[in-house]
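If you want the building blocks of each chain, they are given just below.
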Amino acid sequence: MFKVQHKSLYAAMIPRISIWLYLFLSVPLAVGQGSLPAIGNKGVGKKHHTSVALVSSVKTIKPGTTFTVGVLMKMDPGWHTYWKNPGEAGLPTEVNWKLPQGFSAGEIRWPLPHKYNESGDIFTYGYADENMLLVDIVPSATVAAGSSITLRADVGWLECENICVPGSAMVELLLPVSAIDPVPDNVGLFETYSGRVPRAVSHQTEFDATTSESDAAIEIQLKPRGDLSFLVETDVLPDFYPDPIEEFAVGRTQMDARASGIIFRIPLSVYEKVARSFTFSGVVVYQMRGKTRSSVTIETLLSSEFCSTLPVSGETDGSGSVLDQTFSTVQAPGVGQPLYLFFVFAFVGGLLLNVMPCVLPVIALKIFGLVQMAGDHPRQVKRLGWFFSLGILATFLVMALFIIILQTAGHQVGWGFQFQEPMFVIAMCVIVFGFGLSLFGVYEVGLPFVLAFAGVGSSLEKKENGKGYASSFTEGVFATILATPCTAPFLGAALGFAFSQNASIILLIFSVVALGMSFPYLVLTARPSWMRFLPKPGEWMVTVKQFMGFLMMATLIWLLYVLGKQLGMEGVIWTSAFLLCVGVSCWLVGKFATLIASRTQYARTWVVAILVTAGGYWVFLESILDVRGVIAGVGSTTQTVMTNEPDGIQWQPFTLAVLDSHIKDGKTIFIDFTAEWCLTCKVNEKTVLANERVIQQFKLSGVVPVKADWTNRNPDITRLLSKFGRSGVPLYVIFPAGKANEPIVLPEVITSGIVIDAIIKAVPSSSAGK
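Since the model is a prediction, treat every value here as computed from it, not as a measurement.

A. Spotlight on the overall build of the chain. Scanning the chain from N- to C-terminus turns up 19 helices and 25 strands. Burial status across the chain gives 51% buried among its 770 residues. For the chain, restricting intrachain contacts to residue pairs at least 6 apart in sequence, the fraction spanning at least 24 positions comes to 75%.

B. Highlighting the side chain of Thr93. Looking at where Thr93 falls in the secondary structure, it is placed in the loop between strand S3 (80–87) and strand S4 (94–98). Its relative accessible area of 4% is what places Thr93 among the buried residues. Not counting chain neighbours up to four residues away, the residues in contact with Thr93 comprise Met73, Thr81, Tyr82, Trp110, Leu133, Val155, Gly156 and Trp157.

C. Up close: the sheet that holds strand S11 (residues 199–200). Strand order in this open sheet of 4 strands is S11-S19-S18-S14, and the pairing throughout is mixed. Looking at which strands have only one partner, the edges of the open sheet turn out to be S11 and strand S14 (239–242). Pairing between strand S18 (residues 278–287) and strand S19 (residues 293–302): 10 bridges, direction antiparallel. Looking across to S19, one finds that Gly282 is bridged to Ile298.

D. Fine view of the state of the cysteines. A complete count under the given rule lists 1 disulfide for this structure. Between Cys160 and Cys164 runs a disulfide, and the two sulfur atoms are separated by 2.0 Å. Classification of the bridge connecting Cys160 and Cys164 rests on its S-S torsion, roughly 115 degrees, and on that basis the disulfide is right-handed. Across the pair, exposure class does not vary: Cys160 and Cys164 are buried alike.

E. Main features of the confidence of the model for the chain. Mean pLDDT for the chain: 78, with 74% of residues reaching 70 or above. In the model of the chain, helix H1 (residues 14–33) stands out as the element of lowest mean pLDDT, 41, in contrast to strand S8 (residues 130–138), which has the highest, 97. The low-confidence segment residues 1–46 (pLDDT under 50) makes 115 contacts with residues lying over four places distant or belonging to another chain. Within the model, pLDDT remains below 50 along residues 331–337, and this stretch shows 12 contacts once partners closer than five positions in the same chain are excluded.

F. Region of the structure containing the packing of aromatic side chains. Evaluated as defined, the whole model comprises 20 aromatic pairs. Considering the side-chain rings of Trp587 and Phe592, the 6.0 Å spacing of their centres and the 80 degrees angle between planes classify their relative orientation as edge-to-face. Overall, the relative accessible area of 11% leaves Phe592 in the buried class. On the numbers, 6.3 Å between centres and 35 degrees between planes, the contact of Phe670 with Tyr732 is tilted. Of this pair, Phe670 sits in strand S22 (residues 669–674) while Tyr732 is found in strand S24 (residues 731–735), placing the two residues 62 residues apart along the sequence. Following the ring pairs from residue to residue traces out a cluster consisting of Trp651, Phe670, Phe698 and Tyr732. It is Lys115 that lies over the ring of Phe123; its NZ or CZ is 4.7 Å from the centre. Sitting above the plane of the Trp651 ring, Lys707 keeps its charged end 4.3 Å from the centroid.

G. Spotlight on the environment of Ile760. Structurally, Ile760 can be placed in helix H19 (residues 752–762). What makes Ile760 partly exposed here is its relative accessible area of 27%. Separated by 59 residues in the primary sequence, Ile760 and Ser701 have C-alpha atoms spaced 7.8 Å apart.

H. Structural view of the sheet that holds strand S1 (residues 50–56). With antiparallel pairing, the 4 strands of this open sheet are ordered in space as S1-S2-S8-S5. Whereas interior strands pair on both sides, the edge strands pair on one side only; in this sheet they are S1 and strand S5 (104–105). Strands S1, strand S2 (67–75) and S8 of the sheet are contacted by helix H2 (residues 187–196), whose axis makes an angle of about 100 degrees with S8.

I. How the structure looks around the nonpolar core. Ranked by internal contacts, the top residues of the largest apolar core, which has 68 residues, are Leu659, Phe673, Trp677, Val729 and Phe735. The element that contributes the greatest number of residues to this core is helix H12 (residues 569–592), accounting for 11 residues. Discounting chain neighbours no more than four positions away, the residues touching Leu659 are Val322, Phe654, Ile669, Ile671, Leu720 and Phe735.

J. How the structure looks around the pattern of salt bridges. The final tally for this structure, using the stated rule, is 14 salt bridges. Of the charged contacts, one joins Glu172 and Arg152 as a salt bridge, the two residues approaching to 3.1 Å between their closest N and O atoms. Of this pair, Glu172 sits in strand S10 (residues 164–176) while Arg152 sits in strand S9 (residues 148–160), and the two are 20 residues apart along the sequence. Residue class for Arg152 comes out partly exposed when judged on its relative accessible area of 34%. Each member of the salt-bridge network shares a partner with another, and the members are Asp672, Lys682, Glu685 and Lys707.

K. Molecular detail of the packing of helix H4 (residues 342–352) against helix H10 (residues 503–526). Put simply, H4 and H10 touch, their axes get as near as 6 Å, and they point 40 degrees apart. Considered as vectors, H4 and H10 are oriented oblique to each other. Where H4 crosses over H10, the handedness of that crossing is right-handed. Contact residues: H4 offers Phe342, Phe343, Ala346, Phe347, Gly350 and Leu351, while H10 offers Leu508, Ile509, Val512, Val513, Leu515, Gly516, Met517, Phe519 and Pro520. Class assignment for the residues of the contact of H4 with H10 results in 13 nonpolar, 2 polar and no charged.

L. Main features of the environment of Val284. Structurally, the position occupied by Val284 is in strand S18. You can call Val284 buried: its relative accessible area is 0%. C-alpha separation for the pair Val284 and Val201, spaced 83 residues apart in sequence, amounts to 9.9 Å. Apart from the residues lying within four places of it in its own chain, the contact partners of Val284 are Phe207, Leu222, Asp239, Phe240, Phe264, Ser294, Ser295, Val296 and Ile298.

M. Focus on the pairing of S8. Here S2 runs beside S8; their pairing, made up of 8 bridges, is antiparallel. Bridging across to S8, Gly70 finds its partner in Leu134. Two strands pair when backbone bridges link them, and S5 and S8 are joined in this way by 2 bridges, in the antiparallel orientation. Bridging across to S8, Ser104 finds its partner in Val138.

N. Molecular detail of unusual backbone geometry. At Asp129, a residue that is not glycine, the phi angle is positive and equals roughly 65 degrees. Mapped onto the elements of the fold, Asp129 is located in the loop between strand S7 (122–128) and S8. Notably, Asn186 is not glycine yet its phi reads approximately 50 degrees, a positive angle. Assignment of secondary structure puts Asn186 in the loop between S10 and H2.

Rules and cut-offs
- Residues numbered from 1 in each chain as written.
- Predicted model: local features only at pLDDT ≥ 70, side-chain atom pairs only at ≥ 80, totals over all residues.
- Heavy atoms only, no water.
- Helix = DSSP H or I, 4+ residues; strand = E, 2+ residues; numbered from the N terminus.
- Buried < 20%, exposed > 50% of the residue type's maximum accessible area, 1.4 Å probe, protein only.
- Contact = heavy atoms within 4.5 Å.
- Pairing = 2+ DSSP bridges.
- Disulfide = S-S within 2.5 Å.
- pLDDT = per-residue confidence, 0-100.
- Phe/Tyr/Trp six-rings, centres within 6.5 Å; stacked < 30°, edge-to-face > 60°.
- Lys NZ or Arg CZ within 6 Å of the ring centre and 35° of its normal.
- Axes fitted to C-alpha atoms, helices over the stretch in contact; angles between N-to-C directions.
- Core = buried A, V, L, I, M, F, W, Y, C linked by side-chain atoms within 4.5 Å.
- Salt bridge = Lys/Arg side-chain N within 4 Å of Asp/Glu carboxyl O.
- Parallel < 35°, antiparallel > 145°, perpendicular 65-115°, else oblique.
- Left-handed = near helix turned anticlockwise from the far one by under 90°.
- Nonpolar A, V, L, I, M, F, W, Y, C, P; charged D, E, K, R; others polar.

Following this line, the structure appears as structure tokens:
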């Protein structure tokens, strides 16, 4: 797709990091002694591999007379910048003018770029060595002759070699104003780059061009005039470089090129349904025999009728696909119950969430807190249990309302969908890291700041007179959020049913799940006398508290692993650097915002801690990683690259086309619906699906293993999950050979025996073997 995207590789900005490390070393002294040192250095800058300057086509300007300014960019050897359509990766250069009053700037005229086939078979368009963007400037008619004016521009670009670095510069040009006609300047430079700007098709063009619309594609046919003929060189000439259209995803150009004529076919899709006409344009790069390489711009108007029929990018037309089939599902042992038991499933599934690996660290801390409350007044213990349960219920209801809103807006969502958003994962990293530091004793946060740190720190203190209600509530919220990547037994069926129902059923099912999850604490706190069966409070609790901190750090490692699968190694590195800032902020609060601190020092500490955190976000995530841009470039249908072990199951990445093809060929297919943020999925993969007996059964039976990775949004996977009455992962489905409408659905928690028995049942007896 030719959707404008950021690359995931951004290099370090050492000077900024040095400044921030200096801040880390200086802040404690500032807080403790009541003074802040100067931060930064005006002389500190960042090294770019591209130099930028403004050059003019005239030595002087005349009021009201148009002239041209060039944005001259020179790249270091091996580095390149990008065209207005960067291709399948990259960013176009941007120029934001700051002109004197009454001046105006025209559109950028882009010289013809080079086409690059970068590693990973990624096509991009850009410039190496040197390039100049041309912009016409119209000066004010009232600017005074004899004066001077300054043209300024903010230029931003992305420069790439083996890594990519965002660059920016403020450039300016001083020009005198004269009443006489302008004297040309930099003539050779402007003639060179003006000659590289593709011209429009005219009567002088060496070919005739016609365009047509059909089957979600534009066809451009070129026929030489007279006795001319095209020069055809494989992978070089001719070619078509499409201009970007914000609403469109432009596929790779398909070409039938002969000396006697050329046909370009450009597939189109849209990011959202449209119902109006658009102008589609692009550059034809060609060469006639006996002549030099040329380029022209071709435009055509796409009718509103044609645009309204274009498919939505990332959503495959289900015509004739597995999505159009009606399944008569064969349930494996342990799966499937009558519909009237879905509320029972919801309650039991919520109950089992308490022992799932995602939420277990928080639940362990809650039990730890109950031990501390064992000697409190029974009414106080009961209320704290109610508030913890209320936090669980409130979070489930908020999620249910959010899901209802998204479904009403036409979006495909499922259980745990928020973990498909990298910003949410980053936020969870911050919360979990802050939680762990509080358990290590780095800081203790009391009300009202408890809400900012998910109820940690003071949540483990003995509460009296209602002071622990907010922390108990936020503990329930935190436990629920961490529970959402997990699909416990029975819960998948209940939620799958709920997601296909109306709003009232969704709210009711989610409420029952919340009741199931909070049930043990409601029972235990309703009968405080039962707490005598828990261990007695003592010094051992300090050790356990610190051990729980290590569990939080283990959870953090898992979250960073998920983030790495979404944003790459750079996402992990710079998020970790941001977490260092968060850690310093927490340490500042624990060290200087103490009970004996003066009001001034207390307030100053919190201000500095917030500034350190905000500054860390700006330096490491916003400036270096450009986190919002990177996330915008994460494809919603991206599949994780298969890294199969030689002796393991050789998984194929999921696409509807692959699945439909295997079904058509009469093959038995095993689909693993999984996600990197789903701990239950990873446990099943590392134990059951890595079992030698299971691997051998796959090989002997000839089953085609397909991995449907739901780590990032994928509407096809979401729709296929809903076909099986599920809203989340894990899910394991076998399509028997020749019986694709009778798939076998396995339970969420599988064993090697369940998998082997299901394969034997699905594969014809002549093929199956034990």
